Amino acid sequence: MGPVLAGVLQLLALIGALALAYIPLGNHMAKVYSSDRHWRVEKWIYKGIGANPDTEMRWTAYLRGVLAFSAAGVLFLYLLQRIQGVLPGSLGFSAIDPDQAFNTAVSFVTNTNWQSYYGEQAMGHVVQTAGLAVQNFVSAAVGIAVAVALVRGFARSRTGELGNFWADMVRGVTRILLPLAFVAAVVLVACGAIQNFSGIHEVGQFMGGSQQWNGGAVASQEAIKEIGTNGGGYFNANSAHPLENPTPFTNLFEIFLLLVIPFALTRTFGIMVGSVKQGYAILATMGTIWLGFVALMMWTEFAHHGPAFQLAGGAYEGKEVRFGIGGSSIFAVSTTLTSTGAVDSFHSSFTGLGGGITMLGMMLGEIAPGGTGSGLYGMLIMAIIAVFIAGLMVGRTPEYLGKKIGTREIKLAACYILITPALVLILAAAAMALPTPGNSMTNSGAHGFSEILYAYTSAANNNGSAFAGLNADTQWFNTTLGIAMLLGRFLPMVFVLALAGSLGEQKPVPVTAGTLRTEKPLFTGLLVGAILIITGLTYFPALALGPLAEGLAS
Amino acid sequence: MYLGSVLTTVFSFKDPGDWFGWAISAWLWLTVVFANLAEAVAEGRGKAQADTLRKAKTDTVARRLLEDGVEEQVPGTELKIGDLVVCEAGDIIPGDGDVVEGVASVDESAITGESAPVIRESGGDRSAVTGGTKVLSDRIVIKITTKPGETFIDRMISLVEGAARQKTPNEIALNILLASLTIVFLLAVATLPPFADYAGTHLTMVVLVALLVCLIPTTIGALLSAIGIAGMDRLVQRNVLAMSGRAVEAAGDVSTLLLDKTGTITLGNRQASEFAPVNGTTEAEVADAAQLSSLADETPEGRSIVVLAKEKYGLRERELVGAEWIAFTAQTRMSGVDVDGRGIRKGAAGSVVAWVRERGGEVAPDAQELTDRIAEAGGTPLLVAVEDTDGARVLGVIHLKDVVKEGMRERFDELRRMGIKTVMITGDNPLTAKAIAEEAGVDDFLAEATPEDKMALIKREQAGGKLVAMTGDGTNDAPALAQADVGVAMNTGTSAAKEAGNMVDLDSNPTKLIEIVEIGKQLLITRGALTTFSIANDVAKYFAIIPALFAAVYPGLDRLNIMGLSSPDSAILSAVIFNALIIIALVPLSLRGVQYRPVSADKMLRRNLTIYGIGGLVAPFIGIKLIDLLISLIPGIG
């Protein structure tokens, strides 16, 4: 079996598995967020945090919940790292420096999981498990909660009430993420990932010398790392590390895990707005972009010219032979099109164009299928923009799912789409213009620029993957990337929730033959086009000077 | 835009030997000129109309009536609300008001363009007069209802001039989106110099401004207000005055149309369609008697009986000698003729039956059946009876029918395809209403409609999220006109109705509501189509400019020069020139509006996306290439 065929077969198996999970998981999530019963363990949690899970919240209250909860998370995680030196089970690691602690705290709370540290050389068991792993769950649950609030805004009318943040967040953890992560962790352990609290082992190498191996609760963190589209690896090598991702099967399984919730949420959305077809249209949009990117990536990686590539049968540099070019390409595209940012290969070593594809994937705003929750709300914002332009072309005030897209709605959507380009471009330009940040580049020329562009793209879009090569543990990068992650996560949430509030207050417009049908393929095509053109226009000059310059040179 | 032009010009001055900087600045200035041109052309059209209107508004002298009945001469500009003024034949009416005394024929051509005079009389629904129109006969006393300077004609002038134009909600929303796109492109261009410096090439200000101007949505930005003005203008050309742009836009969103039956769906009058004989008589006999009785009847119904008799039975009009005509009165409820010893009557069933019985005649037993059948079919039965040597008897029944205007069914089908529901409003009984509704093909009807019923219907539709449009003319229509999202008042109507509606139809043609909806839709479509076109254009401009800027440092980027433009300078210049010329090229389209056909939203989207989306992607590739071919012929550039 040739490597191309292997890649295609893996892709087909992946699509099959996602298709099987789509309806049950989507239905389950819709039920979770529509139910008015609380589990006993949830009641304890509500009592513990002093929240009333039954009050309906307006968007401002919902937002206060999101921000307060996340701020507490950042603070806790920061302190935990700062006092690591005196914590038990720290494997002898000392406290983390303030700028790196800030960066890491923000990184995990924003579901970015950018890591400027080496997991096995800096973080002990307590920080990894009680700090980072906890945020892996709750930051994902916060994302889904905000998406659900927006969906409620579409589904409800004549009310500003969007549900209860605490109930949505807690249920996301207890009823969706924990059960899934448990099953996934068992599967990973069965396939060879480790799960223990042992210390550091010195292991002799075949070629002489020795290396260190850490123990740790790896499988459990690996599971939620993918399911919650987090991406922060236990080890620095992330999913390329054999103890995180031992076999080609676990590789495919991990790709499945990181895609399954974002895709299935479109079903949840369809059910909650009362038309599963609308959910399918969004799914089709996400699926088209994802599949297109996978195909492009496989093409660039397999068909690269040059004697070394031809000898190896493709662009093997930086990829694990275990996973092959196919598996690595699917992983790379999936991790950058979701907000995961886990890597099983070095994106920096992909071909120039391949590296560009990973960047473009993040630049789309991570909406195909995107992060848990954030993918859905990001895509719905793009749908609003597309509906606005297309809606005018059918001669009516644009409307989506029965809600008019008026001045206020378009204002909020426009603010949303401005944030990440502003963060990426301004911070990258500042890094290039200032004398010191450039010293962190490993490479010169277009590839060096790609390292910096990739870093800000990854942070502002809450992806968290790194291009490798950039020494990001400097004060400048820890701070600016931290700011990019923080603003890139919470400013959009402000606009999404405000939008949800304004949509929820509207009365619905009935569907007539004059209404733009947003569940038809024509609209899906339009949406794909709008996303590609708007993103393309924003980033084309920057991409031209980085990956395009490199990729087209050979 | 101005800023960009000024900047490039300043930089060109700093480096006067640089032809490229000069050429770019020149074209940027042209872009500014073209952008303003579009709006100026649109406004120019309105100005011409405003001038015509101003002529009608020449200062008039009003004859104010004081309480003691004495008249005094005051300038029209000094009138106050509530003043009584007198107008006689030849006078120009000094201000808007209601006739409180007298009847007069008035020439309203100054505002409607219609030369046939109209009747204005006190009381009723035809009491409103408009300042600037001319009394042709008789004397009327008018109570002034508007302040000078705020009259109908003043509002009309400011409307067509565009002075009173406010941005509509959709226009504001579109502006916000365009502004955010502008910021995105500003970011993309402003962050480029540090990236380029790192790559080893320095970008001049001229080049950056050129890139920015090409990318920001100048095309649609320049045409946006022209599209709005032109939309209003299209309404004015159809003799409709929209009091706000918001109403025009709302017209595009309308999903329920309330249409008055009479005058809109049916011709104003009933017409004879059939002569139905009772047992023992023939159709020809009925036709003959009906025609005789109607020869002197000048009502439209009477004329239609004569016409039907001629068309169907070949009965010519005859001169009757010594005939005594019996005219219709509200008491007798019948008309007819006595001639040659024969008496013929036609009229309402009850009256004619009574007439026959009085004369000892008998009523054929099936006469009742015939009248019932006609009433059920939505018609009005007229009984025809005769008294001659054989005694008095009923001959038959004339079927008077509401005639649905030609082409209405197709019109309603079109509306249905556009997703608009039509509701017929009529004072008829439900039976008649149903029959006519079915014949005309409307979706629903409201029979025996009172103003309260209308109001309730509008509120019910609006509660379901629908936008409702209606026409009206009477004072009792005013609340409903105000409640409707689009209320079109007939110019012949009362001033209360005109105040309440947000549009006035100067032709007083209720069918025009359909055209108004189409104009509203066309306005939105034009905006959407040109926005799509403008954004899609940018793709090609990148392909022209980016390789031009960076192929020198990264030769691989020359592969992006898929148009094969001859040199970096000519590539950038071509993109700038294309950007300017496309504005001019689209001015006619923005003034005329995108072609509108009443089809479903899906078909419309497919069509417009193909033309303006895909067309917008492809057109600039061709345009820029052609301009580049021309430019490269200029020595020293290519």
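Residues numbered from 1 in each chain as written. Chains lettered and ligands numbered in written order. Predicted model: local features only at pLDDT ≥ 70, side-chain atom pairs only at ≥ 80, totals over all residues. Heavy atoms only, no water.

## With respect to the sheet that holds strand E19 (residues 444-446) of chain B
All names here are of chain B. On the basis of which strands lie adjacent, the open sheet formed by 7 strands has the order E10-E22-E21-E20-E11-E18-E19 and mixed pairing. Edge positions in the open sheet fall to strand E10 (240-242) and E19, since each of these has one partner strand only. For this sheet, the mean inter-axis angle between neighbouring strands, taken without regard to orientation, is 20 degrees. Alignment of strand E21 (residues 486-490) against strand E22 (residues 503-505), held across 3 bridges, turns out to be parallel. The residue of E22 that forms the bridge with Val488 is Met503. Running at roughly 110 degrees to E21, helix H9 (residues 245-253) makes contact with E10, E21 and E22 of the sheet. (Pairing = 2+ DSSP bridges. Helix = DSSP H or I, 4+ residues; strand = E, 2+ residues; numbered from the N terminus. Axes fitted to C-alpha atoms, helices over the stretch in contact; angles between N-to-C directions. Contact = heavy atoms within 4.5 Å.)

## Things to note about the interface of chain B and chain A
In this assembly, 61 residues from chain B lie in contact with 62 residues from chain A. By the criterion of area lost to chain A, the three top residues of chain B are Phe195, Tyr198 and Leu605 of chain B, representing 14% of everything that side buries. Taken together, the links from chain B to chain A amount to 1 salt bridge. Elements represented by at least two residues in the side of chain B that touches chain A include exactly helix H5 (169-190), helix H6 (192-199), H9, helix H14 (408-417), helix H16 (451-463), helix H19 (512-550) and helix H21 (601-631) of chain B. Its residues assigned to classes, the side of chain B that touches chain A comprises 38 nonpolar, 14 polar and 9 charged. (Buried area = accessible area lost by both parts, 1.4 Å probe. Salt bridge = Lys/Arg side-chain N within 4 Å of Asp/Glu carboxyl O. Nonpolar A, V, L, I, M, F, W, Y, C, P; charged D, E, K, R; others polar.)

## Here's the deal with a nonpolar patch on the surface
Taken together, the side chains of Val4, Leu5, Val8, Leu9, Leu12, Ile15 and Leu291 of chain A define a hydrophobic patch exposed on the protein surface, amounting to about 560 Å² of accessible area. At 6 residues, the largest contribution of residues to the nonpolar patch is made by helix H1 (residues 3-34) of chain A. (Patch = residues over 30% accessible without salt bridge, like charges linked within 9 Å, V, L, I, M, F, W, Y side chains within 5 Å. Areas by Shrake-Rupley, 256 points an atom, 1.4 Å probe, with all protein chains shown as cover.)

## Quick look at the pairing of strand E2 (residues 71-75) of chain B
Here 5 bridges tie strand E1 (residues 61-65) of chain B to E2 of chain B, and the two strands are oriented antiparallel to one another. What sits directly across from Arg64 of chain B, in E2 of chain B, is Glu72 of chain B.

## As for the pairing of strand E18 (residues 421-425) of chain B
Residue and element names in this part refer to chain B. Burial analysis of E18 places 4 of its 5 residues in the buried class, the great majority of the element. Pairing analysis gives 5 bridges linking strand E11 (residues 256-260) to E18, with the strands arranged parallel. What sits directly across from Leu257, in E18, is Thr422. Alignment of E18 against E19, held across 3 bridges, turns out to be parallel. Paired with Val423 across the bridge in E19 is Asp444. Tracing the backbone out of E18, into helix H15 (residues 430-440) and back to the parallel element E19 gives a crossover that is right-handed. (Buried < 20%, exposed > 50% of the residue type's maximum accessible area, 1.4 Å probe, protein only. Right-handed = clockwise from strand over helix to strand, strands pointing away.)

## A few points about empty space enclosed by the protein
Empty space among the atoms becomes apparent when a probe as large as a water molecule is rolled across them. By the definition in use, this model includes 8 cavities of 30 Å³ or more. Its boundaries defined by the atoms lining it, the largest cavity holds a volume of some 370 Å³. Taken together, 28 residues make up the lining of the largest cavity; nearest its centre are Leu364, Gly365, Tyr416, Thr420 and Asn461 of chain A. Listed by contribution, the elements that provide at least two residues to the lining of the largest cavity are helix H14 (374-393), helix H15 (407-433), helix H17 (475-505) and helix H18 (521-553) of chain A together with H5 of chain B. A per-element tally of the lining of the largest cavity places H14 of chain A first, with 5 residues. (1 Å grid on protein atoms, 1.4 Å probe; cavity = no way out; pocket = protein on both sides within 12 Å on 5 of 7 lines; lining within 4 Å. Points joined across faces, edges and corners; volume = space filled by probe spheres on them.)

## Looking at helix H7 (residues 205-215) of chain B
Of all 11 residues that make up H7 of chain B, 10 are buried, and the element is covered over most of its length. Listed as buried for H7 of chain B are Val206, Val207, Leu208, Val209, Ala210, Leu211, Leu212, Val213, Cys214 and Leu215 of chain B.

## Comments concerning the sheet that holds strand E8 (residues 134-135) of chain B
Residue and element names in this part refer to chain B. Overall, antiparallel pairing links the 3 strands, which are arranged E6-E5-E8 in an open sheet. Every other strand in the sheet has two partners, leaving strand E6 (118-121) and E8 as the edge strands with one partner each. As defined by bridge partners, strand E5 (residues 103-107) adjoins E6 across 4 bridges and the pair is classed as antiparallel. Bridging from a neighbouring strand, Val103 pairs with Glu121 of E6.

## A few points about the pattern of salt bridges
Residues and elements named next belong to chain A. The tally for this structure, following the rule as stated, stands at 37 salt bridges over all chains. A salt bridge links Arg152 to Asp168, with the shortest nitrogen-to-oxygen separation between them at 2.8 Å. With Arg152 in helix H6 (residues 125-155) and Asp168 in helix H7 (residues 165-190), the pair connects residues that are 16 residues apart, well separated along the chain. What makes Arg152 buried here is its relative accessible area of 6%.

## Regarding the environment of Lys520 of chain A
Residues and elements named next belong to chain A. In this fold, Lys520 is placed in the loop between H17 and H18. Residue classification places Lys520 among the partly exposed positions, given a relative accessible area of 31%. Counting along the chain gives 150 residues from Lys520 to Gly370, while the straight-line C-alpha distance between them is 22 Å.

## Brief notes about the environment of Val363 of chain B
Residues and elements named next belong to chain B. In this structure, Val363 sits in the loop between helix H12 (349-358) and helix H13 (367-376). Sequence spacing of Val363 and Val32 is 331 residues, and the spatial spacing of their C-alpha atoms is 85 Å. Setting aside anything within four residues of it in sequence, one finds Val363 in contact with Val353, Val356, Arg357 and Val394.

## A word on helix H9 (residues 248-272) of chain A
Residue and element names in this part refer to chain A. Helix length check: H9 (25 residues) gives 37 Å between terminal C-alpha atoms against 36 Å at 1.5 Å per residue, within 8%. Along its length, H9 shows its largest kink, about 35 degrees, at Val260, and proline Pro262 lies within four residues downstream of that point. Most of H9 sits out of view: 22 of its 25 residues are buried. After H9 finishes, the residue Gly274 shows a positive phi value of roughly 85 degrees. (Expected span 1.5 Å × (residues − 1). Bend = angle between axes of the 7 residues up to and from the residue.)

## A closer look at the confidence of the model for chain B
Predicted coordinates in areas of low pLDDT are best not read in detail. Of all residues in chain B, 95% attain a pLDDT of 70 or more, and the chain-wide mean is 84. As a predicted assembly, this complex carries a pTM of 0.86 together with an ipTM value of 0.92. (pLDDT = per-residue confidence, 0-100.)

## Observations regarding unusual backbone geometry
With an omega of 0 degrees, the peptide bond between Ala368 of chain A and Pro369 of chain A qualifies as cis. Mapped onto the secondary structure, Pro369 of chain A falls in the loop between helix H13 (352-363) and H14. At Asp340 of chain B, a residue that is not glycine, the phi angle is positive and equals roughly 50 degrees. Within the fold, Asp340 of chain B resides in the loop between strand E14 (334-339) and strand E15 (342-347). Overall, the relative accessible area of 74% leaves Asp340 of chain B in the exposed class.

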